[in-house]
Amino acid sequence: MINSNKAKSRKVLAFGILTAVFALSTAVYAQTAKVGSLQIDNAYTRATAPGQQVAGGFMKIENKGAADQLISASSPAAGEVQLHEMAMEGNVMKMRQLKDIPVPAGGAVELKPGGLHLMFMNIKTPLAAGETVPVKLKFAKAGEVEVKFPVNAMGAGAMKH
């Protein structure tokens with residue numbers, strides 16, 4: 001009976017340690033970045049297949065101040081990062097590069113699949129699930145901030161180009 005209780009205690013302790021490690025490791029992925037009156041949340045990209053040269057970047061930008069614009073992005077993981085928009089024109093989904101993405105005063109803009117997004121072009125090495133991609137965002141008024149984009153596993157609804 002004593003050995004059984006020790007075994008149970010060890011299992012409970014091991015489970016507690018694993019839970020704590022998991023909680024700490026996921027905290028890295030829940031990064032919030034701030035610059036000026038802007039807050040960037042829920043940034044992520046998706047894993048890419050070998051040879052895939054593009055990937056989308058997604059996030060929410062909240063603005064507690066005056067209107068601003070996201071004017072550029074860059075990352076060492078890609079040859080170029082463009083600001084993009086996908087929109088329906090009749091029955092055709094079209095994508096186009098934007099010169100900026102407005103961030104309304106006292107509001108928010110969400111970059112998500114099928115809408116506004118970052119486009120990582122000429123990816124240097126495949127993006128693997130569990131990694132993070134550093135991305136420098138530049139805003140017209142708030143300035144620059146680096147955001148770590150977690151790489152999520154490929155899945156349903158992945159953006160196609």
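Visitor: Would you mind going over the environment of His 117 in detail, with residue names and values included?
Guide: Relative to the elements of secondary structure, His 117 occurs in strand β9 (residues 116-123). Residue classification places His 117 among the buried residues on the basis of a relative accessible area of 0%. Considered as a pair, His 117 and Ile 101 are 16 residues apart in the sequence and their alpha carbons are 9.3 Å apart. A distance of 2.8 Å separates a polar atom in the side chain of His 117 from the backbone oxygen of Gly 115.

Visitor: Tell me about the pattern of salt bridges, and name the residues and values.
Guide: With the rule as written, the count across this model stands at 4 salt bridges. Between Lys 99 and Asp 100 there is a salt bridge, and its shortest N-O distance comes to 3.3 Å.

Visitor: How would you sum up unusual backbone geometry? Please name residues and give values.
Guide: Backbone geometry at Asn 42 places phi at a positive 55 degrees, although glycine is not the residue there. Not every positive phi belongs to a glycine, and Asn 122 is a case in point at roughly 55 degrees. Within the element layout of this structure, Asn 122 appears in strand β9.

Visitor: Tell me about the environment of Pro 104, and please be specific about residues and values.
Guide: Mapped onto the elements of the fold, Pro 104 is located in the loop between β7 (101-103) and β8 (108-111). Overall, the relative accessible area of 36% leaves Pro 104 in the partly exposed class. Taking the C-alpha atoms as reference points, Pro 104 and Glu 62, 42 residues apart in sequence, are found 8.6 Å from one another.

Visitor: So what about the pairing of β8? Which residues, and what values?
Guide: Because side chains alternate across β8, one face comprises the buried residues Val 109 and Leu 111, and the other comprises Ala 108 and Glu 110, none of which is buried. Examined bridge by bridge, strand β3 (residues 54-63) and β8 share 4 bridges and lie antiparallel to one another. Bridge pairing in β8 links Met 59 to Leu 111.

Thresholds applied
Residues numbered from 1 in each chain as written. Predicted model: local features only at pLDDT ≥ 70, side-chain atom pairs only at ≥ 80, totals over all residues. Heavy atoms only, no water. Helix = DSSP H or I, 4+ residues; strand = E, 2+ residues; numbered from the N terminus. Buried < 20%, exposed > 50% of the residue type's maximum accessible area, 1.4 Å probe, protein only. Polar contact = N/O pair within 3.5 Å; in protein donor to acceptor, adjacent residues only side chain to side chain. Salt bridge = Lys/Arg side-chain N within 4 Å of Asp/Glu carboxyl O. Pairing = 2+ DSSP bridges.

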